[in-house]
Amino acid sequence: MRRKLVAGNWKMNGSIPFVDSFSQELMAEMGGDETSDVALFVPSLFLCSASEMFSGSRIVVGAQNVSEHNDGAYTGEVSASMLSGVGCCWVLIGHSERRSLFSESDSDVLRKTTAALNNGLNVILCVGETLEERESGEVAAVITRQVDAVLSELSLDVLCNITIAYEPVWAIGTGKTASPDQAQEVHSLIRDVVAKKSASLSESMRILYGGSVKPDNAVEIFSKPDVDGGLIGGASLSSADFAAIIKAAS
Ligand code: PGA
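The paragraphs below set out a description of the structure included in this document. Keep in mind that what you see is a predicted model, and the values were worked out from it rather than measured. (Residues numbered from 1 in each chain as written. Predicted model: local features only at pLDDT ≥ 70, side-chain atom pairs only at ≥ 80, totals over all residues. Heavy atoms only, no water.)

A word on the pairing of strand β6 (residues 162-166)
For β6, the tally of buried residues reaches five of five residues, placing the bulk of the element in the interior. Here β6 shows two buried faces, one formed by Ile162, Ile164 and Tyr166 and the other by Thr163 and Ala165. Where strand β5 (residues 122-127) lies against β6, five bridges are found, and the strand directions are parallel. Considered in β6, the bridge of Val127 is made with Tyr166. Relative to strand β7 (residues 207-210), β6 runs parallel, the two sharing three bridges. Looking across to β7, one finds that Tyr166 is bridged to Tyr209. (Buried < 20%, exposed > 50% of the residue type's maximum accessible area, 1.4 Å probe, protein only. Helix = DSSP H or I, 4+ residues; strand = E, 2+ residues; numbered from the N terminus. Pairing = 2+ DSSP bridges.)

Some remarks on the sheet that holds strand β8 (residues 229-232)
Hydrogen bonding along the main chain pairs the strands of a sheet, whether they run parallel or antiparallel. Reading around the circumference, β1-β2-β3-β4-β5-β6-β7-β8 is the order of the eight strands in this closed barrel, with parallel pairing throughout. Strand-to-strand, the axes of this sheet are offset by a mean angle of 25 degrees, without reference to chain direction. Helix α5 (residues 106-118) rests against β4 (90-93), β5 and β6 of the sheet, and its axis sits at about 175 degrees to β4. (Axes fitted to C-alpha atoms, helices over the stretch in contact; angles between N-to-C directions. Contact = heavy atoms within 4.5 Å.)

Some words on the pattern of salt bridges
In the structure shown here, the tally under the stated rule is 16 salt bridges. A salt bridge links Asp37 to Arg3, with the nearest nitrogen and oxygen atoms 2.7 Å apart. Of this pair, Asp37 sits in strand β2 (residues 37-41) while Arg3 sits in the segment before β1 (5-9), and the two are 34 residues apart along the sequence. Residue Asp106 pairs with Arg99 through a salt bridge whose shortest N-O separation is 2.9 Å. Here the salt bridges share partners, and the residues they tie into one network are Arg2, Arg191, Glu203, Asp226 and Asp228. (Salt bridge = Lys/Arg side-chain N within 4 Å of Asp/Glu carboxyl O.)

Thoughts on the nonpolar core
Across soluble globular proteins, nonpolar side chains show a tendency to be buried alongside one another. Among the nonpolar cores identified, the biggest contains 66 residues, and Ile162, Ile190 and Phe222 are the most heavily contacted of them. Apart from the residues lying within four places of it in its own chain, the contact partners of Phe222 are Lys4, Val6, Val213, Val227, Gly229, Gly230, Ile245, Ala248 and Ala249. (Core = buried A, V, L, I, M, F, W, Y, C linked by side-chain atoms within 4.5 Å.)

Topic: the side chain of Glu129
Note that Glu129 resides in the loop between β5 and α6 (131-135). Take Glu129: its relative accessible area is 0%, and that puts it in the buried class. A distance of 2.8 Å separates a polar atom in the side chain of Glu129 from a polar atom in the side chain of Arg134. Excluding residues that lie within four positions of it along the chain, Glu129 makes contacts with Arg134, Val139, Val142, Ile143, Tyr166, Glu167, Pro168, Val169 and Trp170. (Polar contact = N/O pair within 3.5 Å; in protein donor to acceptor, adjacent residues only side chain to side chain.)

Section: helix α12 (residues 239-248)
Turning to α12, its buried residues are Ser239, Phe242, Ala243, Ile245, Ile246 and Ala248. Looking at the buried side of α12, the elements it contacts are β1, α1 (16-30), β2, α11 (215-222) and β8.

Some remarks on the packing of aromatic side chains
Per the stated rule, a full pass over the model turns up four aromatic pairs. Relative to Phe18, the ring of Trp10 has its centre 4.9 Å away and its plane inclined at 50 degrees; by these criteria the two rings are tilted. You can call Phe18 partly exposed: its relative accessible area is 26%. Seen in terms of ring centroids, Phe18 and Phe22 are 5.6 Å apart; in terms of plane orientation they differ by 45 degrees. Their pairing is tilted. Here Phe22 and Phe18 lie together in helix α1, a separation of four residues that amounts to about one turn. (Phe/Tyr/Trp six-rings, centres within 6.5 Å; stacked < 30°, edge-to-face > 60°.)

So this is what it looks like as structure tokens:
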């Protein structure tokens, strides 16, 4: 039985005072329920204070990007060892905003994932098709390519630290969600792709859905057999909404 994971992605939003108030509100609203895992991906500058605020709670803190390099002359970059040094345990890699706005390719995603895993971080690997790709019948090809680009190059002992997030690009921040059946169809395809690498990895790997998940649609999406939780953007900036989505995963 896979334990559900609800992960919030603040993107480039928030401030130190917001981390402070949000963390107190979220912990109060979540109460004692411990039936799912919770992670929050905040801008790198807030990792230290978020790790401190959530220490002792079941909420783990993650970064939204990582360098493929360990150290050196890479102005503006943050390495995986720097992230783990400030209490960060997770990193998002391959988010569609990074792929489209910052031109990250499948090979960049592989190199970043390798650097993160080598430094003991857990990775949420994001994959998803654009509307154009969906309308031209390319969903399976795109998703298989994005997943395989990473899985085919890494060994099983590190792959167990990867969670996949299926995020149809057309559903991110648009208010349009994939229907629970559309999500299930792609999640099941991803599980089949992972099974080609290893049947037991495919059984244990968590696959999250992301794209306009809100308190009023989370229960139905999370009820699908291959949906193991969600990656939540906009709604993770409201402690009440994020807490309600965490409850929906219970
Ligand atoms: P959204 O974002 O929930 O605002 O659609 C999801 C994401 O980008 O991870």
